[in-house]
Amino acid sequence: MLMINIDSKRNTNFAVTLTPCNFKENTYIARVPRKTITTDQILDLIAAHNQGIDRYQIGHAMELLKKEILEQAKLGFAVDIMQICKLYIAPISSVQSLTPEAESITGFEARFSTNEELRETLKEITAAVSAVVDSAPQITQIENPVSGYAEGVLKATFSARIKGKKLKVGGENSGIFFIPLLEDNTANQDEQEWIKVPEEFITTNSPKMLEFHLPRNLATGKKYFIGIRTSIRGTQELKNAVTGFSKIAVTIEE
């Protein structure tokens, strides 16, 4: 959770990030980076824009309001919070039972629904794009761990180290692939020709680094691009695997 410094003149703007959608070409998912303004910061803003107001009385009133909102929500009421949104509780999951009337329901979560005033306010907001975020693995460096060199040369039957972002391999159809070059020095798009690193050859599998032994059937003297395919992102699994490719081809030497 990112805390922010608040300018009492309200000069703080926000922007959105765009992430390529894996389900539709030339489509991006827009997200607002989550930043948090604390209750104390809100009180500071109220005091700054309302000279002479007692900040501590307002803070005490907010504490009383919070206590009553939580109490009424616990009783099962949907609480209208300052005509901005409604807070209500709902069971987390369905109940499976042969005698549901005899069951005690446990496990609830908080949910919110926006009020008309908030929906109208959101229509007035515009934001700039701060960054386009690529969800695919990003390879920044390919190293020969034996020599420590990163000059695009790997030794046959030895190992390789890849550094970058979002590299962790996992999920269905995932893997590390060596992609042969065609005569025009472009990557072979036929995945049947790609050489996959056996899973047991992978010794380090983390978001920032992969280490693995080279497949024994790589041809010496030949160049390959490296592809990383994964559907793991943090602790979650993506619905569709994403693939990232090295920007340069590596040469396999004897």
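The rules we used
Residues numbered from 1 in each chain as written. Predicted model: local features only at pLDDT ≥ 70, side-chain atom pairs only at ≥ 80, totals over all residues. Heavy atoms only, no water. Helix = DSSP H or I, 4+ residues; strand = E, 2+ residues; numbered from the N terminus. Buried < 20%, exposed > 50% of the residue type's maximum accessible area, 1.4 Å probe, protein only. Contact = heavy atoms within 4.5 Å. Areas by Shrake-Rupley, 256 points an atom, 1.4 Å probe, with all protein chains shown as cover. Core = buried A, V, L, I, M, F, W, Y, C linked by side-chain atoms within 4.5 Å. Expected span 1.5 Å × (residues − 1). Arc of directions from axis to C-beta.

(A) Region of the structure containing the overall build of the protein. Of the regular secondary structure elements, the protein holds three helices and 18 strands. When the 254 residues of the protein are sorted by exposure, 28% land in the buried category. Considering only contacts within the protein whose residues lie at least 6 apart along the sequence, 60% involve residues at least 24 apart. By element, 52% of the accessible surface of the protein is carried by carbon and sulfur atoms, the whole surface being about 17800 Å².

(B) View of the nonpolar core. Counting residues in hydrophobic clusters, the biggest one holds 22 residues, and the most contacted among them are Ile162, Phe178, Phe212 and Ile226. Among the secondary structure elements, those contributing two or more residues to this core are strand S9 (138-143), strand S11 (159-165), strand S12 (175-180), strand S15 (209-213), strand S16 (223-233) and strand S18 (250-253). Counting residues per element, this core draws most heavily on S16, which supplies three residues. In terms of nonpolar packing, the next biggest core, distinct from the first, is built from six residues, Ala73, Val79, Cys85 and Leu87 among them.

(C) Representation of helix H2 (residues 55-74) within the structure. For H2, with 20 residues, the first-to-last C-alpha span of 29 Å sits near the 28 Å given by 1.5 Å per residue. Listing the buried residues of H2 in full gives Gly59, Ile69 and Ala73. Taken down its axis, H2 places every buried residue within 85° of arc, on the same side. Among the exposed residues of H2, those pointing more than 90 degrees away from its buried face are Tyr56, Gln57, His60, Lys67 and Lys74. Summarising the contacts, the buried residues of H2 are in contact with helix H1 (39-49), strand S5 (79-81) and strand S6 (85-91).

The analysis is restricted to geometry; functional conclusions fall outside its scope.
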